[in-house]
Amino acid sequence: MKKEMESLICRETDSIRQVMQVIGAGRKKIAFVLEANSDKIVATVTDGDIRRALLNGIEMTDSVDKCMYKNFVFKKKDDAVMPDLTGRSGVEIIPVVDEDMMLLGYEEVYENSYVPVASPQFGGNELKYLTDAFLSTWVSSTGEYIDKFERMFADYCGTKYGIATSNGTTAIHLALLALGIGEGDEVIVPDITFAATINAVLYVGATPVIVDIEEDGWCISPEEIRKAITPKTKAIIPVHIYGQACDMGQIMDIAREYNLYVIEDCAEAHGAEYKGQRVGSFGHINCFSFFGNKVITTGEGGMCLTNDKEFADRIRLYKDHGMSKNRRYYHEVVGYNYRMTNLQAAIGVAQLERMDEILAWRQALEDSYFEHLQNVDGIVLQKRDMPGRKKIVWLVSVLVDSEKREDIVQHMKEKGVDIRRFFIPLSEMDIYKEYVFSNEVSKKLSTQGINLPTTFDLTEEMVSEICKNIIQVVSC
Ligand SMILES: *Cc1c(COP(=O)(O)O)cnc(C)c1O
């Protein structure tokens, strides 16, 4: 029997204590139970089986046959397919046997997706800087990496000030607080976004106004913003969705005309540009997220960018308990603890060092997907040539016929590939629907959109295979 099997097997005469040692030493939370004098498998036993038996009064010195599971699933060595695992959730490993139930090996079950829709890539100095920050003992929210990350990110986007936060949601919350937006104020948000955008508006007691998106760019529609403005409107939160920059020219014009604040939500578009200028540098305060599935990550994390010193100071005040800069433990406002740690910032600095490289592999991946999917009837690629806009790739995104979408998602799920549906429009959720102003386009597009796996380790063969499968469903 192969060496790696040793850590998986025990004998039916073994004591529960011995079996627990086997399970504890192995990679899987299971042991195969063999007959005392042969390699014939008679049962399996998991740590859960043992725990339940011990609770029922069985002793550690009792033999394992008191708690082992005889009705286990197995695979005959010549079976081409895996046995049916319906109703056996949690099974991760299956013994492979011959005609006489002699144990030959095992197969692992990939129940969950092995191609996730997104995953972080740490190919640079991430671990080095993280270790450095750790060893420095500056593990909380002061430290050289915080300052460095704030400086580097503000420089990258082209703003004077960067204020790191605990996540992207708190960054938006802080932006609204710093701008003094609250009860009685209206804030315009797009219907297609992640819920954090609208939630932050609700945190400060303001009234969100949900407006429709553009048919081609999928971002908030400037025409709809214009229509939704009332005397109570105080701010617009354009969201650069799925890597696409909003029409910042028109949006800033509207904001100037009506004297409104603009808070860019850049959580999905690090590095995207409008007329050669990076997103995050247009609005009064602009917010980023560094969650694990974003373009770059710090684990959890966020950032506010601004060119206005007063706004920057207020963001810092609110993010650090409202504590006065000049008098310690004197609190000027009811603040929050929305700080990023030095450990997170250390990862962020390393990620930012490789920003160009990260955007490049993302772009190459999209190129590769789009090459397969272009000119396919029933598939519309995300637009890459919106006038004045340079999108980046967050998650590769396309539209398909809404009647086909569920089939695609399910078909790919069976293959272990995680395909994401577009965000559900805010206007379709009970807790937000009272705030809708317009949602015609968003309602339609949200039933058609999918995000394809956008991970660094995806090979050209896998992209080709995924596309082949999608095309097959689309064209049947
Ligand atoms: C991810 C995301 C956020 C929230 O960021 P967190 O760091 O997860 O709090 C906000 N807005 C949009 C559009 C996002 O995609």
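First things first, this report covers the structure right here in the doc.

Thresholds applied
- Residues numbered from 1 in each chain as written.
- Predicted model: local features only at pLDDT ≥ 70, side-chain atom pairs only at ≥ 80, totals over all residues.
- Heavy atoms only, no water.
- Helix = DSSP H or I, 4+ residues; strand = E, 2+ residues; numbered from the N terminus.
- Buried < 20%, exposed > 50% of the residue type's maximum accessible area, 1.4 Å probe, protein only.
- Contact = heavy atoms within 4.5 Å.
- Axes fitted to C-alpha atoms, helices over the stretch in contact; angles between N-to-C directions.
- Parallel < 35°, antiparallel > 145°, perpendicular 65-115°, else oblique.
- Left-handed = near helix turned anticlockwise from the far one by under 90°.
- Nonpolar A, V, L, I, M, F, W, Y, C, P; charged D, E, K, R; others polar.
- Polar contact = N/O pair within 3.5 Å; in protein donor to acceptor, adjacent residues only side chain to side chain.
- Near = heavy atom within 4 Å.
- Pairing = 2+ DSSP bridges.

Notes on the overall build of the chain
Along the backbone of the chain there are 15 helices and 20 strands. Here the C-alpha coordinates of the chain stretch approximately 85 × 65 × 40 Å along the principal axes. The proportion of buried residues among the 476 residues of the chain is 54%. Restricting to contacts in the chain with at least 6 residues of sequence separation, those with at least 24 account for 65%.

Quick look at the packing of helix H13 (residues 402–414) against helix H15 (residues 460–474)
In the contact formed by H13 and H15, the axes pass within 9 Å of each other and the chain directions differ by 140°. By the criterion of interaxial angle, the relationship of H13 to H15 is oblique. By crossing handedness, the relation of H13 to H15 is classed as right-handed. Residues Lys404, Asp407, Ile408, His411 and Met412 of H13 touch H15, and the partners they reach there are Ile466, Asn469, Ile470, Val473 and Val474. Here the residues of the contact of H13 with H15 sort into six nonpolar, two polar and two charged.

Comments concerning the environment of Ile424
Here Ile424 shows up in the loop between strand E19 (420–421) and helix H14 (440–445). As a C-alpha pair, Ile424 and Ser446 span 22 residues in sequence and 6.2 Å in three-dimensional space. Those residues in contact with Ile424 that lie beyond four places of it in its chain are Asp191 and Met429.

Remarks on the side chain of Arg389
Relative to the elements of secondary structure, Arg389 occurs in strand E17 (residues 389–390). Exposure remark for Arg389: the relative accessible area of 9% places this residue in the buried category. A distance of 2.9 Å separates a polar atom in the side chain of Arg389 from the backbone oxygen of Ala245. In contact with Arg389, not counting residues within four places along its chain, are Glu214, Gly217, Cys219, Gln244, Ala245, Cys246, Asp247, Glu273 and Tyr274.

Here's the deal with the site of the ligand
Around the ligand, 14 residues are found, and the nearest of them are Gly168, Thr169, Glu268, Ser289 and Lys294. Asn167 is positioned with one of its side-chain polar atoms (N or O) 3.3 Å from an oxygen atom of the ligand. Secondary structure elements with two or more residues in the shell around the ligand: helix H6 (168–178) and helix H7 (196–203). Considering only residue class, the shell around the ligand consists of four nonpolar, seven polar and three charged.

Some remarks on unusual backbone geometry
Phi is positive for Thr137, close to 70°, though the residue is something other than glycine. In this fold, Thr137 is placed in the loop between helix H4 (126–135) and helix H5 (144–157). A positive phi angle is found at Lys275, which is not glycine, with a value near 45°. Structurally, Lys275 is set in the loop between strand E12 (273–274) and strand E13 (277–278). On the basis of relative accessibility, which here comes to 64%, the residue Lys275 falls in the exposed class.

Looking at the sheet that holds strand E5 (residues 93–97)
The mixed open sheet is built from three strands, whose spatial order is E4-E5-E6. Sheet topology places strand E4 (75–76) and strand E6 (103–108) at the edges, where each strand pairs with a single neighbour. Relative to E6, E5 runs antiparallel, the two sharing five bridges. When the bridges of E6 are listed, Ile94 appears paired with Glu107.

These results come straight from atomic positions and should not be treated as a statement about function.
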